[in-house]
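The primary structure of each chain is shown beneath.
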Amino acid sequence: MRLLLLLVGFISFTSFSQEVQLKGRVVDDSGAPIFGATVILKKGSVGKMTNKNGDFTIKGKFEGEYTLEVSYIGFQTYREVLVLKKGKEYYKKITLKTGYNLDEVSISAKSKIQKIEALAYNVDVIDAKKLHKTTLDVGHALDRVSGIRIRESGGVGSDMSLSMNGFRGNQVKLFIDGIPMEHFGSSFQINNIPIGLANRIEVYKGVVPINLGADALGGAINVVTNTYEKDNLDLSYSYGSFNTHRTNISATHVTNSDFVFHINAFQNYSDNNYKILAEVNQNGNGFEEKKVKRFNDEYHNETFIGKVGVVNKTFADELLFGITLGQNYKEIQTGARQIAVYGGRHSKGNTIMPSISYKKQNFLIPDLDVKANANYNFGKEKYIDTLSRRYNWLGEYTVTSRGGELNYQHLQLQDNNGIATLSAAYEINKNHRIAINNVYTTFNRKQENLLNEKDEVDFDQPQKTHKNIAGFSYTYEGGDWNMLGFVKNYNQVINYSERREKNNSTDTYYQKMDRSENYFGYGAAVTYFFNDNVQIKASYEKSYRLASAIELFGDANIIAGNIDLKPENSDNYNLGGSYWLNLTKAHTLNLEANVFFRDANDFIRKRLNINQSENIYENVAAMNNYGVEAQLRYNYKNKLSLTANITHQELRNNNPESIFYRSRIPNMPFTYGNANATYTIHHVFGENQTLSLGYDFLYVHDFYLYWPEAGAKSDGKYGVPQQTAHGFNASLTLDHFQFTLECRNIFDELLYDNFSLQKPGRSFSAKIRYTL
């Protein structure tokens, strides 16, 4: 925190360096802008990607002779030698000529991965801009990445978590522009954030960069949003099955004096009244399997993000003040399994989160880059359970005397939490770089049952955490290889209370408690290019994850707290490679494969409680996972794109004292994959008018709901059967407008996730989008 305060104090200082600014636009032979071209200053390998208007801006402390190189697949590479002087501004308009050259395509392929995928980390990158025409949210976009499975309990707004190489939920950390999402509130989750908010999504597997400042056990995902370089407007609306409505508005205005005004507003609404196959209670006369419609599953959320500030100033490349406001309403149809049916339970929540962010290259001294962010969430959550009824899946009910369907309550939680991050990176020279990062988070829950004042003593107990993650890294970047090493410190203080009995009495009292945890982790990664087409990677991390507030204290809904949880740790190993092949001038092929091994101790897993109505987290003494994942990509010019991936993993109980020693961890898929194909017809009705046709396929092998040794297969030990799903989409672009039609799960297959909870069947949606 001291460093953060010092940084804010320094913002008013003028940087001592004089930067060069190179701006330009890249167009084709007809003058149309080229979106996604790679622009590189070869000396020092500094570069950018052009935006949808073909524009780029490169800033830095440059002086002397540099080679400007611009490339894009399907066009000849442009090169020009520039002589740059400190403090000067330059502008270039570059026209790329249509054509192919094998050497040129190789250079283009390598330049695209130099930014992220050429890093030594095992990392995948989703180009979110290509998905802006779809109705996907960020969560379902991630479901297309090898090694990732999205787990959700239902339709729009349902509880969603993801699994990556055997780790899931909080073991994989989520970020937006490098800021942890874990305390953003229920109004801001990956399954209600539209894909239009993202520019790209970075997926780090096993080894996590220190700049993300996470206590992630097995990976991290960073959603990178749009930049604030120039004016833009993006409006979209979609309507789909189950009365689903989605709206997104994104607008940025940059004045001539570089003041920035940005808003992003989105909403989601759905009745979620899709049909499922369920066991229906026949009024005490047993159960009968029927296809029924969900009737208490309405969801809606509304979110507004506003930012104002300045860019491209001498004291700041970016200084933004923001506010995030959100609200949501969610009906609760089931418990942790479909055997529990509710007809009136629901929750409400809101987010009120001010923020500040600051970025500056060459801060005070040349080659020192600094970033800082801070936000605090004042939001509240409410859980309402007041109906004295017991429902079945037909919507029929009987009146009960106990009060409430599960727990008679109108519970209000105020999970006040804050985050402050500070990072700095210093480039010693073009080959050597060091960096530090610190992330501090705080959680403080205040709760009350608005229906029962007698609960005041129980609810007035401390539920607080203070967490600090610090890291230091060193990076070496050579001509064909680079490597890095890092160390992290994990610290957490937990404030809580325990109920105890008084001596020789049945009376009880609360004893306030404190617990402190402190650990060090470390890791290294290396990558080598044999040539422009072949790359190998290896990485390792000793990682720790401190139990989250929800795992420790529960969520007052379907998760019970476990204050005795210990931090989990893992040794994570990755070994992989990539191969780019240019079959002909028009055909390109990319193959990526990775083998991984995870050896975790005190592994935290979710299980059902005794009556199977709630989940609780517990430590498993030891677990390891080994597996392989592979991905194949094929492109023909700018017309046809094919992608397929497959993952197989062996997630095993490694506790010798357990009766299930070396058994598969239950409720976890072990073989799954995706495939998709897109064909684009250019100039279908005229210039800048295209038609895209897409197909996607999902496969999940059947997996165990309980320990495999517990019962015979005929008794249903697999629990969750094999799943396949097919989807189709068509998108027509007419200048500034896009019209999209989608069908998901074409053949109306039964799809399952956590503990056999069924997901929606066949659905249709239509979307209209306008960009400027």
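It should be noted that the structure appears before, not after, this text.
Residues numbered from 1 in each chain as written. Predicted model: local features only at pLDDT ≥ 70, side-chain atom pairs only at ≥ 80, totals over all residues. Heavy atoms only, no water.

> Now, about the side chain of Thr465: what can you tell me, with residues and values included?
One can find Thr465 in strand E30 (residues 464-477). Dropping the residues within four chain positions of it, Thr465 is found in contact with Thr441, Thr442, Phe443, Gln492, Val493, Ile494, Leu552 and Phe553. (Helix = DSSP H or I, 4+ residues; strand = E, 2+ residues; numbered from the N terminus. Contact = heavy atoms within 4.5 Å.)

> Would you mind going over the sheet that holds strand E7 (residues 89-95) in detail, with residue names and values included?
Taken together, the 3 strands give an open sheet; going across it, the order is E4-E1-E7, and neighbouring strands pair in mixed fashion. Of all strands in the sheet, those bounded by a partner on one side alone are strand E4 (55-60) and E7. Each strand of the sheet is rotated relative to its neighbour by a mean of 15°, with strand direction disregarded. Two elements, strand E1 (residues 20-27) and E4, share 6 bridges in a ladder whose sense is antiparallel. Bridging from a neighbouring strand, Gln21 pairs with Lys59 of E4. (Pairing = 2+ DSSP bridges. Axes fitted to C-alpha atoms, helices over the stretch in contact; angles between N-to-C directions.)

> Explain the sheet that holds strand E8 (residues 123-126) to me, and be specific about the residues and the numbers.
Pairing is mixed in the open sheet, where 5 strands are placed in the order E8-E14-E15-E12-E13. Two strands bound the open sheet, and with one partner strand each, they are E8 and strand E13 (179-180). Bridge count for strand E12 (residues 173-176) against E13 is 2 bridges, and the pairing is antiparallel. Counterpart to Phe175 in the pairing with E13 is Pro180.

> A description of the packing of aromatic side chains should follow, citing residues and the corresponding values.
For any two aromatic rings, the description comes down to two numbers: the centre-to-centre distance and the angle of the planes. For the structure on display, the rule yields 18 aromatic pairs. Seen from their ring centres, Tyr391 and Tyr397 are 5.3 Å apart, and the 45° between their planes marks the pair as tilted. We classify Tyr397 as partly exposed; its relative accessible area is 41%. Each ring, one from Tyr519 and one from Tyr544, has its centre 4.8 Å from the other, and the planes form 20°; the classification is stacked. Highlighted residues: Tyr519 in strand E32 (residues 508-531) and Tyr544 in strand E33 (residues 534-545), separated in sequence by 25 residues. Judged by its relative accessible area of 29%, Tyr519 is partly exposed. Here the aromatic residues Tyr522, Tyr540, Tyr573 and Phe597 are joined through ring pairs into a cluster of three or more. Here the basic side chain of Arg389 rests over the ring of Tyr397, its NZ or CZ set 4.0 Å away from the ring centre. The ring of Phe670 is capped by Arg664, whose NZ or CZ atom sits 3.8 Å from the centre of that ring. (Phe/Tyr/Trp six-rings, centres within 6.5 Å; stacked < 30°, edge-to-face > 60°. Buried < 20%, exposed > 50% of the residue type's maximum accessible area, 1.4 Å probe, protein only. Lys NZ or Arg CZ within 6 Å of the ring centre and 35° of its normal.)

> Lay out the side chain of Ser692 in plain terms, naming residues and giving numbers.
As for its placement among the helices and strands, Ser692 is situated in strand E40 (residues 689-700). A polar contact of 3.2 Å, which involves the side chain of Ser692, links it to the side chain of Thr680. Discounting residues that sit within four places of it in the chain, Ser692 has contacts with Lys133, Thr678, Tyr679, Thr680, Asn729, Ala730 and Ser731. (Polar contact = N/O pair within 3.5 Å; in protein donor to acceptor, adjacent residues only side chain to side chain.)

> Let's hear about the pairing of strand E37 (residues 615-636): which residues, and what values?
For strand E34 (residues 559-560) and E37, the ladder comprises 2 bridges, and the chain directions are parallel. Of the residues in E37, the one forming a bridge with Ile559 is Asn615. Bridge count between strand E36 (residues 587-608) and E37: 21 bridges; the pairing is antiparallel. Looking across to E37, one finds that Asn601 is bridged to Ala622. Two elements, E37 and strand E38 (residues 640-653), share 14 bridges in a ladder whose sense is antiparallel.

> So what about the pattern of salt bridges? Which residues, and what values?
Evaluation of the coordinates by the stated rule reveals 31 salt bridges. A salt bridge links Lys330 to Asp159; its shortest N-O distance comes to 2.8 Å. Highlighted residues: Lys330 in strand E22 (residues 318-331) and Asp159 in the loop between strand E9 (148-152) and strand E10 (160-164), separated in sequence by 171 residues. The buried category is assigned to Lys330, whose relative accessible area is 17%. We classify Asp159 as partly exposed; its relative accessible area is 36%. A salt bridge links Glu650 to Arg652; its shortest N-O distance comes to 2.6 Å. Neither Glu650 nor Arg652 differs from the other in exposure class; each is buried. Salt bridges sharing partners connect three or more residues here, namely Lys59, Asp317 and Lys360. (Salt bridge = Lys/Arg side-chain N within 4 Å of Asp/Glu carboxyl O.)

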